[in-house]
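Here's the letter readout for the chains.
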There are 2 protein chains.
Amino acid sequence: MANGARGLDRFRAVIPAGGIGSRLWPLSRADAPKFLHDLTGSGETLLRGTWERLEPLCGADRIMVVTGRAHRDAVERQLPELTDPNIVLEAEPRDSSVAIGLAAAILRRRDPEAIIGSFAADHVIGDADAFRSTVVQAVAAADAGYIATIGIRPTEPAVGFGYIRVGDALAVEGAPDAALVERFVEKPDRETAERYLAEGGYLWNAGMFIARADVLLDQLAADRPQLRADLEELAEAWDDPALRGPAVDRVWPRLEKVAIDYSVAEPAAAAGRLAVIPGSFAWDDVGDFASIAKLISQGRTDLAILGENARVLADASTGIVVSQSGRIISLVGVKDIVVVDTPDALLVTTSADAQRVKSVVDALKLSGRTEVL
Amino acid sequence: MANGARGLDRFRAVIPAGGIGSRLWPLSRADAPKFLHDLTGSGETLLRGTWERLEPLCGADRIMVVTGRAHRDAVERQLPELTDPNIVLEAEPRDSSVAIGLAAAILRRRDPEAIIGSFAADHVIGDADAFRSTVVQAVAAADAGYIATIGIRPTEPAVGFGYIRVGDALAVEGAPDAALVERFVEKPDRETAERYLAEGGYLWNAGMFIARADVLLDQLAADRPQLRADLEELAEAWDDPALRGPAVDRVWPRLEKVAIDYSVAEPAAAAGRLAVIPGSFAWDDVGDFASIAKLISQGRTDLAILGENARVLADASTGIVVSQSGRIISLVGVKDIVVVDTPDALLVTTSADAQRVKSVVDALKLSGRTEVL
């Protein structure tokens, strides 16, 4: 699709596959993070879904995955098409500036004109065609020198997402919907979110960034010169098997942990270099079990069930059951309940409390019961 | 204790140990019925607790247990003092008239003057001394020719128990508190229960019956002559190893299933032959998980936890967790919750819905998933 679209022949997708998803414990674990789960009942993992969404845009050879060493095997099982040069293994997690910045630095050395787009491995997107059309515009904006992001048109006053305040329209060839980002807004309270929805001019921040690799790295250097230098030192050694290991040993420990939102996106917005393309497709970062319930139930009010061979017996109950243990699960008279049943850990909470699941993970860490994390 | 009390030298205790306790599924099962569980965290099963309450009254040699063949080993493990003549194995469950009536018929043949008292294997009693003092009075009333029952003085407007309406006081030597039972009342609604509590003159029906064996059997014969004849046919053969088996094969299939409340207690009350001794001790038939939560929490509003080695992590949650699986159980923001976690089945309900658990058992039966029942 979209062959001949501006810049698309130089486009490479980067999938940072990191983050455990603590608010999805006990389903998501250190050794089975969120992106390795099927959270929608589609039959494929979020990682695989991300791959299949991107592959028609750039081909399998141009998708890079950045993940932890521990997940290499699982990732390769999910993505048999993934080629060795396109898998970047992190020695230890160092947040998104490193994951995306290192990919940018490596790809820039392979192709100085590369345009990269980073797309989280653990988000859910409804309409893949609409997604790709939006990315095509973002690539055009990137080709014009902008750092581009994709903002999702809100369909409800969500309080779980950050927002983007849209600024002036841009006149970019191949990106008719592009506008400047005026500013980023932190997750709002309900009242503010309702105002955003009513006023218009606000989009959900989906954390997707598309830019020429050199533009992205220059923007990073403006704010974090040492980090950019460190990433270049790694990238210079990366494609030489004799040099990569020593470089990782030398550089990785000192890499700064910072989200790309702070190191690149916000400074770029402040400098008038951040473009946004509004996307009109369903999107969710699947932050907690309430999101999963909503995704699966599609607005129906009954009980959502996730898990192969789930054996659930429910009487006058609503919410979500995630079944991984194979046991009989019986619910009687529980409303908006969240039950996550795994072989070694059980969680019972409510949709309203789903965001607080992280507190359990923190308590388990404190008490040393890390075997179930 | 109470040696020399009227009739006590002829007193024999009968413990019917039957009934699965469907409303306590998935804790109680066909192969692990309620009486084989520790439901109070005391460290001993309800059956063992019942035995230890009765043993000081009549000695280990005079306690008979009536149970199913499948439970023989488990019962003997719980009660190593139980002697062989004192274990009556039912070919199949035939309700309480058979369980208690057969014990009465067997014991009458061994001692024509026997006074028997039947006490369920799966109730919880708070003050064993007060219980025994009450039984001593009931035995005296039985010696005077009454069928005696023990009624518990209500401490709250319970809707889960039947009630006894107390009639005229009796003048029985050794049973100063004895009165006639005016009538039995089915489980009331809340308003009626509150009126009973305010008016006084009502006791909880604890289903304990104390009578001379011959008096009890004669009362049964008045209402159910065939059943009494069947039980005598069994009893006549019982103590002869060559005759017992054939008699069971011959008679058991035709035994009528009827609760002793209907075959003996109500007719006796109507005939002015049923005495009641009020008991002022804590008592519960532990009918559902809400009862267990109340028993364990002793009125505190936090989370009750039952189960050896339970590993529960709770945040802003109340109710009860029964842990049998050894798994980590995490609760976040769930109130009055009931979580019962066993190796092959999980139940999540609320205190208010605890009575409805039987519906799950019925549904499992209907769907053929009897392996977890």
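Residues numbered from 1 in each chain as written. Chains lettered and ligands numbered in written order. Predicted model: local features only at pLDDT ≥ 70, side-chain atom pairs only at ≥ 80, totals over all residues.

Here we come to the overall build of chain A. Looking only at helices and strands, chain A has eleven helices and 17 strands in total. The C-alpha atoms of chain A give 21 Å as radius of gyration, which agrees with the globular expectation for 373 residues (21 Å, within 12%). Each principal axis of the C-alpha atoms in chain A carries an extent, and together these give about 60 × 50 × 40 Å. Here chain A holds 373 residues, and 51% of them are scored as buried. Restricting the contact set of chain A to residue pairs at least 6 apart, pairs at least 24 apart contribute 66%. (Helix = DSSP H or I, 4+ residues; strand = E, 2+ residues; numbered from the N terminus. Rg over C-alpha atoms; globule rule 2.2 N^0.38 Å. Buried ≥ 20, exposed ≤ 12 C-beta atoms within 10 Å, placed from the backbone. Contact = placed C-beta atoms within 7 Å.)

On to the relation of the copies chain B and chain A. For the match of chain B to chain A, the screw axis carries a shift of 0.0 Å, the RMSD comes to 0.0 Å, and the turn is 180°. The superposition operator between the copies reduces to a two-fold rotation axis. Taking C-alpha positions as the reference, the residue of chain B nearest the rotation axis is valine 348 of chain B, at 4.2 Å. Here 100% of the interface residues in chain B have copies in chain A that are interface residues too; the copies meet face to matching face. (Least-squares fit on C-alpha atoms with pLDDT ≥ 70 in both.)

Taking strand neighbours across the sheet as the criterion, the six strands line up as β12(A)-β14(A)-β16(A)-β17(A)-β15(B)-β13(B) in an open arrangement whose pairing is mixed. Only two strands of the sheet have a single partner each, and these edge strands are β12 (303-306) of chain A together with β13 (311-315) of chain B. Put simply, the sheet's adjacent strands are angled 10° from each other on average, direction ignored. Here strand β16 (residues 337-341) of chain A pairs with strand β17 (residues 345-350) of chain A via five bridges, running antiparallel. (Pairing = 2+ DSSP bridges. Axes fitted to C-alpha atoms, helices over the stretch in contact; angles between N-to-C directions.)

Let us now look at the sheet that holds strand β15 (residues 328-332) of chain A. Read across the sheet, six strands follow the order β13(A)-β15(A)-β17(B)-β16(B)-β14(B)-β12(B) without closing on themselves; strand pairing throughout is mixed. Looking at strand neighbours, the two that pair on one side only are β13 (311-315) of chain A together with β12 (303-306) of chain B, the edges of this open sheet. Strand-to-strand, the axes of this sheet are offset by a mean angle of 10°, without reference to chain direction. Here five bridges tie strand β14 (residues 319-323) of chain B to strand β16 (residues 337-341) of chain B, and the two strands are oriented parallel to one another. Its bridge partner lying in β16 of chain B, valine 322 of chain B is registered against valine 340 of chain B. Relative to the sheet, helix α11 (residues 357-366) of chain B contacts β13 and β15 of chain A together with β17 (345-350) of chain B, its axis offset from that of β13 of chain A by approximately 135°.

Residues and elements named next belong to chain A. Interhelical geometry of helix α3 (residues 95-110) versus helix α6 (residues 213-223) gives an angle of 130° and a closest axis separation of 9 Å. In terms of orientation, α3 lies oblique with respect to α6. The way α3 lies across α6 gives a crossing that is left-handed. In this structure, α3 uses Ser97, Gly101, Ala104, Ala105, Leu107 and Arg108 to contact α6, whose residues at the interface are Ala213, Asp214, Leu216, Leu217 and Leu220. (Parallel < 35°, antiparallel > 145°, perpendicular 65-115°, else oblique. Left-handed = near helix turned anticlockwise from the far one by under 90°.)

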